[in-house]
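Fold and contact review
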Amino acid sequence: MARSLTPQLPHDVALGAPRGVVSGGAPLLLQRSDGDFIDAVLDEITSAEGRARLLATRASARTQRQVLKLFQPIQRQHHLAVLEAWCDTPGTPRLDPARVASAGLVVRRVRRAGSATEEGWMRSRGRLRGWLPVQRIGGAARDPASPLRLHSGHTGVADIDHALVQLALQREDTLLDEHVVPMFVAPPEVCKAAGKTVYYGLVPTVSGEQAETAPVFDEANTFGPESTDFRNHLVQALRGDAMDFPLDGETLNPAWTEAAEIATTVRPTGLSNDHWNRLRPGGGSRSSMQRFLRLLRQLDGEFNAFAGTSPAAQALRQQLAAIALPLKLREGEAVARTVSAEAFLRQAVQVLVQRDEQATRPEMPVRWPALPSQQASGLRLALSRALVDRFAQLNLAPGRFDEPGAQYVVRAFVRLKPECGCPARIVWSEATEPFVIAPWFEGSGAPPVRIDLPDITAPGLLASLKPNVSFAVPPALQNLLSGNPKDLMEGKKPPDGGITIGWICSFSLPAITICAFIVLSIFLGLLNLIFSWLAFIKICIPYPKKGD
């Protein structure tokens, strides 16, 4: 049973699950899939039979580790917190709602299972601060609203109170406000019939809010520059090891990428027979070219080495610029030539990764040299910092319920009005059992949504499937679709078809649905060879044909 924060005061109040339904000092969490579930809950709580039905809808789904699990609205499940408030005096009469100024609930994240550490979803001065320890607002039992906390310690002397407020405002956490979901008191006739003062509120399990804080890339510090996982992820050159380059001494050609990566038996346009024989499947330079392309893609895609403008990207380019790549000696040359790794790799990315036909085509060096230990460590550190920077660019700030496997609890409160010379105060319930939120794709047990497909054998059906959705197709895409389907299947870019105008193509949406269903069924069967999932994700049962 939860008690008020200040014992021995008159009119003490207790909060907990509705008595007669379930015992305990925490709110009762319900899982409902009925459409008008709030009215249904309020009706059920007024009778003994109804309360038995109410208890049957208590949230009870659990993970494999037996952790309570709540669902999201997209899974056609809703969760309601139900609370009773009564006077903690002999006879425990129900609380007069007139004594309550407001009521609400908070969803708090439990940082570690079995720990008392709770985090609240906070905002301050117009900024969404995200999950912060509740100790930042004075503890789990303090008022979540900063104005009420700020004025709770008033002495009644105006000058002193003003000075105390100004002093408190100098602290960063003074104006933190925890997100509160309002709880509503049941109508008077419901409370009277139930013999209880009942509050209810919807428990949020999904949110579009994102904290205005940078996402954490490696919170557990297991992917640092010297970690085994990070080193093994890098292409050997970026680890600081020696790496031979393919087709050394040759001028880079955009067709090399297609030849080395596409499983085709047709020589790509613009590629010599010699290069094709070395890069085609089974060719002696194919694997080393694929490794070189992975080097380019890591630098360009993962680390943003050449397009980045951040200090981390600039530091990485400085590391690359300090590495000299030896070029192949030409006939009659006696002095070794080198090229900066930064300059060469920048141009190689433009030619082989971005396939820019207008880019300058550099000469392929002989190898990437083995780096001294200190230089290799500096390169890995620069790569690690660039990756953290890249992560921050590509990942949105953390959302409220984004952390997989995070556990939460619900606490409810009522704010009591001043009475009998006592100041206004807040009374908290106990925390619910910790729970997780099921990912959106997990089944909740709700009946599936049914989509009726047209009977394609019905007379006149095909003629009735008139186009009812249109796509505006730009010329470049229309040229691509007008090409040879065999080229598309092989991943080859078809030649320009000469189309210079846009097109509007209309289709029948039911026909698109039929095609999508047929293709889905085919691929589900093919992928079943790998995942063995068909028994779990597809259930087909017969049903009798309706009479005419």
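Details of the structure are given in the entry above.
What comes next is a walk through the structure. Everything quoted here is computed from the prediction, not taken from an experiment. (Residues numbered from 1 in each chain as written. Predicted model: local features only at pLDDT ≥ 70, side-chain atom pairs only at ≥ 80, totals over all residues. Heavy atoms only, no water.)

Focus on the overall build of the protein chain
- When you go through the protein chain residue by residue, the secondary structure sums to 18 helices and 20 strands.
- Out of the 548 residues belonging to the protein chain, those deemed buried represent 39%.
- For the protein chain, long-range pairs separated by at least 24 residues make up 71% of all intrachain contacts whose partners lie at least 6 apart in sequence.
- About 30400 Å² of surface is accessible on the protein chain, with carbon and sulfur atoms providing 57% of the total.
- Counting 59 positive and 54 negative side-chain charges, the protein chain places the centres of these two groups 2 Å from one another. (Helix = DSSP H or I, 4+ residues; strand = E, 2+ residues; numbered from the N terminus. Buried < 20%, exposed > 50% of the residue type's maximum accessible area, 1.4 Å probe, protein only. Contact = heavy atoms within 4.5 Å. Areas by Shrake-Rupley, 256 points an atom, 1.4 Å probe, with all protein chains shown as cover. Lys, Arg positive; Asp, Glu negative; His and termini not counted. Charge placed at Lys NZ, Arg CZ, Asp CG, Glu CD.)

Considerations on the nonpolar core
- Ranked by size, the top nonpolar core spans 46 residues in total, and within it Phe292, Leu295, Leu345 and Trp368 carry the most contacts.
- Those elements that provide at least two residues to this core are α7 (236–239), α8 (255–261), α9 (273–279), α10 (286–302), α11 (311–321), α12 (341–353) and α13 (373–394).
- If one sorts the elements of this core by residue count, α12 sits on top with seven residues. (Core = buried A, V, L, I, M, F, W, Y, C linked by side-chain atoms within 4.5 Å.)

Section: the pairing of strand β2 (residues 28–32)
- Burial analysis of β2 places five of its five residues in the buried class, the great majority of the element.
- Side chains Leu28, Leu30 and Arg32 of β2 all project onto a buried face; the interleaved residues Leu29 and Gln31 project onto the opposite face, where all are buried too.
- Inspection of the sheet shows β2 paired to strand β4 (residues 78–87) by five bridges, in the antiparallel sense. Its bridge partner being in β4, Arg32 is matched across the sheet by His78. (Pairing = 2+ DSSP bridges.)

Comments concerning the packing of aromatic side chains
- Per the counting criterion, the structure on display carries 15 aromatic pairs.
- Arranged with centres 5.9 Å apart and planes meeting at 40°, the rings of Trp131 and Tyr408 form a pair that is tilted. With Trp131 in strand β7 (residues 127–133) and Tyr408 in strand β16 (residues 407–416), the pair connects residues that are 277 residues apart, well separated along the chain. Both residues of the pair, Trp131 and Tyr408, count as buried.
- On the basis of an interplanar angle of 80° and a centroid distance of 5.4 Å, the ring pair of Phe401 and Tyr408 is categorised as edge-to-face. For the pair shown, Phe401 and Tyr408 are each scored as buried.
- What links up through ring pairs into an aromatic cluster is the set Trp121, Trp131, Phe401, Tyr408 and Phe435.
- Above the ring of Trp86, the side-chain terminus of Arg19 is found at 4.2 Å from the ring centroid. (Phe/Tyr/Trp six-rings, centres within 6.5 Å; stacked < 30°, edge-to-face > 60°. Lys NZ or Arg CZ within 6 Å of the ring centre and 35° of its normal.)

With respect to unusual backbone geometry
- Positive phi, normally seen in glycine, also occurs at Asn304, with a value near 50°.
- Within the secondary structure, Asn304 is located in the loop between α10 and α11.
- With relative accessibility at 11%, the residue Asn304 sits in the buried group.
- Here Ser532, not a glycine, exhibits a phi torsion of approximately 50°, which is positive.
- A relative accessible area of 48% means that Ser532 is categorised as partly exposed.

Some points on the side chain of Thr432
- Checked against the element boundaries, Thr432 lands in the loop between β17 (425–428) and β18 (435–437).
- At 3.0 Å, the side chain of Thr432 forms a polar contact with the backbone nitrogen of Val410.
- The contacts of Thr432, once residues within four sequence positions are left out, are Ala26, Pro27, Leu29, Val409 and Val410. (Polar contact = N/O pair within 3.5 Å; in protein donor to acceptor, adjacent residues only side chain to side chain.)

Points about the environment of Leu383
- Here Leu383 is to be found in helix α13.
- By relative accessible area, which is 0% here, Leu383 ends up buried.
- Expressed as a C-alpha distance, the spacing of Leu383 and Leu234, which sit 149 residues apart in the sequence, is 9.5 Å.

Some thoughts on the pattern of salt bridges
- In total, this model carries 29 salt bridges according to the counting rule given.
- Where Arg32 meets Asp34, a salt bridge forms, and the shortest distance between an N and an O atom there is 2.9 Å.
- Each of the salt bridges in this network shares a partner with another, and the network as a whole consists of Arg108, Glu118, Glu178 and Arg411. (Salt bridge = Lys/Arg side-chain N within 4 Å of Asp/Glu carboxyl O.)

Looking at helix α1 (residues 37–44)
- Turning to α1, its buried residues number three or more, namely Phe37, Val41, Leu42 and Glu44. All buried residues of α1 lie within an arc of 165° about the axis, which places them on one face of the element. (Arc of directions from axis to C-beta.)

A word on the packing of α11 against α12
- Contact pair α11 / α12: the axes reach a minimum separation of 6 Å and the direction vectors enclose 110°. It follows that α11 is roughly perpendicular to α12 by the angle criterion. Where α11 approaches α12, its residues Arg317, Leu320 and Ala321 are matched on the opposing element by Ala341, Glu342 and Arg346.
- Its residues assigned to classes, the contact of α11 with α12 shows three nonpolar, no polar and three charged. (Axes fitted to C-alpha atoms, helices over the stretch in contact; angles between N-to-C directions. Parallel < 35°, antiparallel > 145°, perpendicular 65-115°, else oblique. Nonpolar A, V, L, I, M, F, W, Y, C, P; charged D, E, K, R; others polar.)

Brief notes about the environment of Leu105
- With respect to the helices and strands, the residue Leu105 is situated in strand β5 (residues 100–110).
- We classify Leu105 as buried; its relative accessible area is 0%.
- Sequence separation between Leu105 and Leu202 is 97 residues; the distance between their C-alpha atoms is 8.9 Å.
- Other than its neighbours up to four places away in sequence, Leu105 contacts Ala81, His179, Val180, Val181, Met183, Gly201, Leu202, Pro204, Val410, Arg411, Ala412 and Phe413.

What about α13?
- End to end, α13 covers 31 Å across 22 residues, agreeing with the expected 32 Å (1.5 Å per residue, within 8%).
- Every buried residue of α13 is listed here: Ala376, Leu379, Arg380, Ala382, Leu383, Ser384, Ala386, Leu387 and Arg390.
- Buried-residue contacts for α13 involve α6 (228–233), α7, α10, α11 and β15 (367–368). (Expected span 1.5 Å × (residues − 1).)

Some thoughts on the state of the cysteines
- Evaluated as defined, the whole model comprises zero disulfides.
- Cysteine Cys540 is unpaired, with the sulfur of Cys515 as its nearest cysteine sulfur at 18 Å. (Disulfide = S-S within 2.5 Å.)

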